[in-house]
Amino acid sequence: PSLREVSPLIGLEAMVYGKTIIGSKIPGWIDYYKKGAKVYLTNPLSTIQIAKNIINTKEEESKEVMYTNHKIYKKYYSPEKVVPIRLEICNRYL
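Anyway, here's the lowdown on the structure attached to this text. (Residues numbered from 1 in each chain as written. Predicted model: local features only at pLDDT ≥ 70, side-chain atom pairs only at ≥ 80, totals over all residues. Heavy atoms only, no water.)

## A few points about the overall build of the protein chain
How we decide: Each helix is a run of H or I in the DSSP string that is no shorter than four residues. Each strand is a run of E no shorter than two, and both are numbered from the N terminus. Categorising residues by exposure relies on relative accessible area from a 1.4 Å probe, with only protein chains included: less than 20% of the type maximum marks a residue as buried, more than 50% marks it as exposed, and the intermediate range marks it as partly exposed. Two residues qualify as a contact provided that any one of their heavy atoms is within 4.5 Å of a heavy atom in the partner residue.
On a plain count of helices and strands, the protein chain comes out with five helices and two strands. Starting at the N terminus and walking to the C terminus, you meet the elements of the protein chain as α-β-α-β-α-α-α. Projected onto its principal axes, the C-alpha positions of the protein chain cover 50 × 30 × 15 Å. Counting the 94 residues in the protein chain, one finds 30% classified as buried. The long-range share in the protein chain, meaning contacts at least 24 apart out of those at least 6 apart in sequence, stands at 42%.

## Considerations on the nonpolar core
The tendency in soluble globular proteins is for nonpolar side chains to be buried as a group. Note the threshold: Working definition of a nonpolar core: buried Ala, Val, Leu, Ile, Met, Phe, Trp, Tyr and Cys residues. They are joined through side-chain atoms within 4.5 Å.
Counting residues in each nonpolar core, the largest one holds twelve residues, listed as Leu12, Ala14, Met15, Ile21, Ile26, Trp29, Tyr32, Ala37, Val39, Ile72, Tyr73 and Tyr77. Of all elements in the fold, only α1 (9–16), α2 (29–35) and α4 (63–77) reach the threshold of two or more residues within this core.

## With respect to the pairing of strand β1 (residues 21–24)
Under the convention used in this document: In this scheme, strands are said to pair when DSSP sees at least two bridges between them. We call a crossover right-handed when, viewed with the strands running away from us, the connection from the first strand over the helix to the second turns clockwise.
Bridging between β1 and strand β2 (residues 39–42) involves four bridges; their strand directions are parallel. In the strand pairing of β2, glycine 23 is matched with leucine 41. In this fold, β1 hands off to α2, which returns the chain to β2; that crossover is right-handed.

## Quick word on the environment of histidine 70
For clarity, the threshold we go by: Each polar contact in these results corresponds to two N or O atoms within 3.5 Å; when the atoms are within protein, one needs to be able to donate a hydrogen and the other to accept it, and residues that are neighboring in sequence are counted only if both atoms are side-chain atoms.
One can find histidine 70 in helix α4. Placed 58 residues apart in sequence, histidine 70 and leucine 12 show a C-alpha to C-alpha distance of 9.1 Å. Apart from residues no more than four positions distant in its own chain, histidine 70 is found in contact with Met15, Val16 and Gly18. One polar contact links the side chain of histidine 70 to the main-chain carbonyl oxygen of valine 16, over a distance of 2.7 Å.

## Some thoughts on the pattern of salt bridges
Selection criterion: We define a salt bridge as a side-chain nitrogen of Lys or Arg found within 4 Å of a carboxyl oxygen belonging to Asp or Glu.
A complete count under the given rule lists one salt bridge for this structure. Measuring nitrogen to oxygen at the nearest pair gives 3.3 Å for the salt bridge that ties glutamate 88 to arginine 92. With glutamate 88 and arginine 92 both in helix α5 (residues 79–93), this residue pair falls four residues apart, about one helical turn.

Right, here's the structure in full:
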């Protein structure tokens with residue numbers, strides 16, 4: 001978990017591999033959570049809360065979580081989805 005992060009790439013990597021995410025209660029991580037990914041939102045200054053979430057993550061990882069997080073990545077964040085949007089933005093302003 002971090003204090004600031006606009007687009008947490010490590011979260012995308014976790015979703016690609018179907019891993020549960022432990023992230024801060026900040027934009028970026030919250031966006032993944034709102035899209036339906038399995039994310040434990042935590043206070044990055046609380047080592048106790050982070051440790052509890054690590055334990056919960058290990059106990060709850062399952063094929064369902066793996067499938068869900070990978071599906072969220074493919075639906076919203078894969079290059080097939082993101083690149084056309086970015087190209088459209090670039091073309092609009094160039």
